[in-house]
Amino acid sequence: MVPVSVVIITKNEAEMISRSIFMLKQITDDIIIVDNDSTDQTLNIAIENGCRVYQKNWDGYGANKNKGIALARYNWILSIDADEIPDTALLTSITELKLDDSNTVYDIPFKAYYGDKPINFGNWGRDHHIRLFNRTCVKWSEPPVHEILILPQNVRVKKLNGHLHHYSVKNAQEHEAKIIHYAQLSALKYLQSGKKAGFVKLYIAPVFHFVKTYVFLLGFLDGKEGWNIAKMALKNTWLKYYYLSKAQQASNQKSYSNEVPAMTYKLKADAQTE
C-alpha cells in the first residue's frame, strides 16, 4: 500500500464503480466516495468493498471533490471519476513514487472509450490530466463546470506511465444528454463571470471546433465514433453560447432585476437534473 487516498464523486455509477475499486484497492487502503443521492447500487457496492462513503449536498464538481479531499487520511490524493479505471501499469508507476515533494504533481495519460471502442484520435485521443497531487498545496477550483486544479507557482509536473481508462459514454444518446448537461453548466459559468455570446462564439466557434476535432486532429480515423465526437463538439459549443445568449437577453429587458436571477436559477435547475 502507498500513502495515497483516492477520492471519487458518484451518482448512479453501479455499472462501473466496482471495476475501478477492484484496481484501486491494490495500492491504497483509503478510498473515499462522495455521493450525490445515488438511487442504484453504487453505495452498497462501495461499502461492501471497504470504501468510506459520504453523502453530501451537491455544490458542483470541484466543490464536492474538495469535500472528499478534506476527508482523506493521507495528504497525497488520487482524484478520479467513477467511469475511470486505472490499469496495472499506472498502479505500478504510483507504487514506485517517493512522494516526498508536495510541490510535485503527476500527469496521467487517458485512454478514452466510446462504448467499448477505444478512441485514438481527436481531442479524446490525446487526453491527459493532473490527477495525483498533495492537498497541502493543491485544491480544485469550484465553478459550475470544468473545474481545474489550483497549482502552486513553483509546481513541478511529472508524467506517469500507464493510463486511466475513461469510459466516457455508452452510446450516442448518452453522449448527447451529457453535451446538453455540460452546455447548461458552462452557460451558467459564463453568465457568472460576465462572458458574452457574440456572433463569432455562436456561429464561427462551433464550426471551428468541428473542423479541428474531425480534420486537423484526425478524428475521422475513429470512424462513426469520431464523427459523433466531432458533431457533439460542434453542438456543445453552440448550445453553451445559445443558453448564455438567452440569459443575456433577459438581462437587457426592463425586468432585469427579476429575470437574471430567474434565468440563473433555470440554468442551475436544468443542470442539476442529471
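Remember, it's a predicted structure, so these values are computed and weren't measured experimentally.

Enquirer: Let's hear about the pairing of strand β1 (residues 4-10): which residues, and what values?
Expert: Taken across its 7 residues, β1 has 7 buried, putting it largely inside the fold. Side-chain alternation along β1 places V4, V6, I8 and T10 on one buried face and S5, V7 and I9 on a second face that is also buried. Bridge analysis of β1 against strand β4 (residues 76-81) gives 6 bridges, and the strand direction is parallel. Each bridged residue has a counterpart across the sheet, and for V7 the counterpart in β4 is S79.

Enquirer: Describe the side chain of D87, with residues and values.
Expert: Structurally, D87 can be placed in the loop between β5 (84-86) and α4 (88-95). K111 provides the closest opposite charge to the buried, unpaired D87, separated from it by 9.3 Å. Among the polar contacts listed, one links the side chain of D87 to the backbone nitrogen of L90, at a separation of 2.9 Å. A distance of 3.0 Å separates a polar atom in the side chain of D87 from a polar atom in the side chain of H165. Setting aside residues no more than four positions away along its own chain, D87 makes contact with M23, G162, H163 and H165.

Enquirer: Tell me about the nonpolar core, and name the residues and values.
Expert: With 33 residues, the main nonpolar core has I8, I31, L78 and I94 as its most contacted residues. Going through the elements one at a time, β1, α1 (14-24), β2 (31-35), α2 (42-48), β4, α4, β6 (104-114) and β12 (164-169) are the ones with two or more residues in this core. Core analysis: the next-biggest nonpolar cluster, separate from the first, contains 16 residues, V7, I9, V105 and F133 among them.

Enquirer: Could you give me a rundown of the packing of helix α5 (residues 172-193) against helix α7 (residues 223-251), with the residues and numbers involved?
Expert: Axis angle and axis distance: for two packed helices, these are the angle between their axes and the distance between the axes, and together they describe the pair. Viewed as axis vectors pointing N to C, α5 and α7 meet at an angle of 35°, and their least axial separation amounts to 8 Å. Along this stretch, α5 crosses α7, giving a crossing that reads as right-handed. Across the interface between the two elements, A172, H175, E176, I179, I180, Y182, A183, Q184, S186, A187, Y190 and L191 of α5 pack against N228, I229, M232, K235, N236, L239, K240, Y241, Y243, L244 and A247 of α7. Looking at the contact of α5 with α7 residue by residue, the class counts come to 15 nonpolar, 5 polar and 3 charged.

Enquirer: Which residues make up the packing of aromatic side chains, and what values do they have?
Expert: Per the stated rule, a full pass over the model turns up 14 aromatic pairs. Ring centres of Y214 and W227 lie 5.4 Å apart, and the angle between their planes is 80°; this geometry places the pair in the edge-to-face category. Placement of Y214 in helix α6 (residues 199-216) and of W227 in helix α7 is noted, with a sequence separation of 13 residues between them. In this structure W227 comes out as partly exposed when scored by relative accessible area, which is 39%. Ring centres 4.8 Å apart and planes at 20° place the aromatic pair W238 and Y242 in the stacked group. Residue W238 and its partner Y242 are both found in helix α7; the two are separated by 4 residues, about one turn of the helix. Three or more aromatic residues joined by ring pairs form one cluster here, namely F210, Y214, F220 and W227. Seen from the ring of Y167, R19 lies directly overhead, with NZ or CZ sitting 5.0 Å from the centre. Over the face of the ring belonging to W140 we find K65, whose NZ or CZ atom lies 4.3 Å from the ring centre.

Basis of the calculations
- Residues numbered from 1 in each chain as written.
- Predicted model: local features only at pLDDT ≥ 70, side-chain atom pairs only at ≥ 80, totals over all residues.
- Heavy atoms only, no water.
- Buried < 20%, exposed > 50% of the residue type's maximum accessible area, 1.4 Å probe, protein only.
- Helix = DSSP H or I, 4+ residues; strand = E, 2+ residues; numbered from the N terminus.
- Pairing = 2+ DSSP bridges.
- Lys, Arg positive; Asp, Glu negative; His and termini not counted.
- Salt bridge = Lys/Arg side-chain N within 4 Å of Asp/Glu carboxyl O.
- Polar contact = N/O pair within 3.5 Å; in protein donor to acceptor, adjacent residues only side chain to side chain.
- Contact = heavy atoms within 4.5 Å.
- Core = buried A, V, L, I, M, F, W, Y, C linked by side-chain atoms within 4.5 Å.
- Axes fitted to C-alpha atoms, helices over the stretch in contact; angles between N-to-C directions.
- Left-handed = near helix turned anticlockwise from the far one by under 90°.
- Nonpolar A, V, L, I, M, F, W, Y, C, P; charged D, E, K, R; others polar.
- Phe/Tyr/Trp six-rings, centres within 6.5 Å; stacked < 30°, edge-to-face > 60°.
- Lys NZ or Arg CZ within 6 Å of the ring centre and 35° of its normal.

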